[in-house]
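Chains, contacts and geometry: an overview
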Amino acid sequence: MPSGPTTISLSPSSALAGAGHAISRRADQVAAYIEQLVADSVLKVGQALPSERRLMERLHCSRSALREGLRMLRARGIIRTEHGRGSFVAAAVTTQSVNPLLHLFASQPRTLYDVLEVRLLLEAEAARLAASRATGADLVLIRRHFERWQAAQHAPAGQTLSAEEHARRDHAFHRAITEAAHNPVLVHTLESLSELMLASVMASAHHLYTRPIYKQQIDRQHQRIFRAVMQRKPEAAYRAAREHVLSVRENLREVDNEAERLTRATLRLQSFESDV
């Protein structure tokens, strides 16, 4: 006589093990998804992750799987969590190891020109790649950062922005182009040097933006870079970005030389007056 259908019953411990395995697998997927967002610079260093509710909705996962995925990311150093504030993307290199080096570099007079050499190599190639690879969304972001930078140049009287704010908008425009290159290694290499990169832009804002001839030159160069990327002309974008960084470097050297000439002339004048 044939036997009836077999019923498989799980003991409580087996059921818990199966559920635990499912949560672990889903947690791996959660971690991989967030890691990809960080690698693609959708989530940037210091940026807050979406709320648990939004992540659960987007990833179709349970709270247990989400929290386990976040725990895995914390263990890998991808995110950091602050009690009462949420989770944030962590720096690619620990603060303890990078800041002393950055402060050392920043204290050296020639570092500015070393940074400009790095910008010359990386930003020119980033502009070329952006002109080839930028998506429609990338172009929207580049345009918004360009227009925000432009607005700073034409602020109404009495609403003049600080040199620091000019520098931040300038830097954000170049960063948007770098992200549009769709090379995560390039983006994160520049991100790891962002403090030095921003310092070089600050130098431009303080010493070149205040001199009309240099300021007009920077304005024209930014417009050329913007047009070349938006018109998807890779070689023109490469040349425009390269010309921009070379020009900034040469003009800053001239400002340095001018300061040295002024110092020498002042010392000679003081010497002459003391002899009279």
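Our subject in this report is the structure included herewith.

Cut-offs and rules
Residues numbered from 1 in each chain as written. Predicted model: local features only at pLDDT ≥ 70, side-chain atom pairs only at ≥ 80, totals over all residues. Heavy atoms only, no water. Helix = DSSP H or I, 4+ residues; strand = E, 2+ residues; numbered from the N terminus. Expected span 1.5 Å × (residues − 1). Buried < 20%, exposed > 50% of the residue type's maximum accessible area, 1.4 Å probe, protein only. Pairing = 2+ DSSP bridges. Axes fitted to C-alpha atoms, helices over the stretch in contact; angles between N-to-C directions. Parallel < 35°, antiparallel > 145°, perpendicular 65-115°, else oblique. Left-handed = near helix turned anticlockwise from the far one by under 90°. Contact = heavy atoms within 4.5 Å. Nonpolar A, V, L, I, M, F, W, Y, C, P; charged D, E, K, R; others polar.

Compared with the 24 Å implied by 1.5 Å per residue over 17 residues, the 24 Å span of helix 7 (residues 163-179) between its first and last C-alpha is a close match. Counting buried positions over the 17 residues of helix 7 gives 12, a clear majority of the element.

Consecutive residues of a regular strand have side chains that alternate between opposite faces of the sheet. Bridging between strand 1 (residues 79-82) and strand 2 (residues 86-89) involves 4 bridges; their strand directions are antiparallel. The residue bridging Glu82 from the neighbouring strand is Gly86, located in strand 2.

This part covers the packing of helix 6 (residues 136-153) against helix 10 (residues 212-230). For the pair helix 6 and helix 10, interaxial distance at closest approach is 11 Å and the crossing angle is 165°. When the interaxial angle is binned, helix 6 and helix 10 end up roughly antiparallel. When the axes of helix 6 and helix 10 are compared, the crossing they make is left-handed. Of helix 10, the residues touching helix 6 (which contributes Leu139, Ile142, Arg143, Phe146, Trp149, Gln150 and Gln153) are Lys215, Asp219, His222, Gln223, Phe226, Val229 and Met230. A class-by-class count of the residues in the contact of helix 6 with helix 10 yields 7 nonpolar, 4 polar and 3 charged.

It is worth spelling out the side chain of Ser204 at this point. On the secondary structure map, Ser204 appears in helix 9 (residues 194-207). In this structure Ser204 comes out as buried when scored by relative accessible area, which is 4%. What Ser204 contacts, discounting residues up to four positions off in sequence, is Tyr209, Val248 and Leu252.

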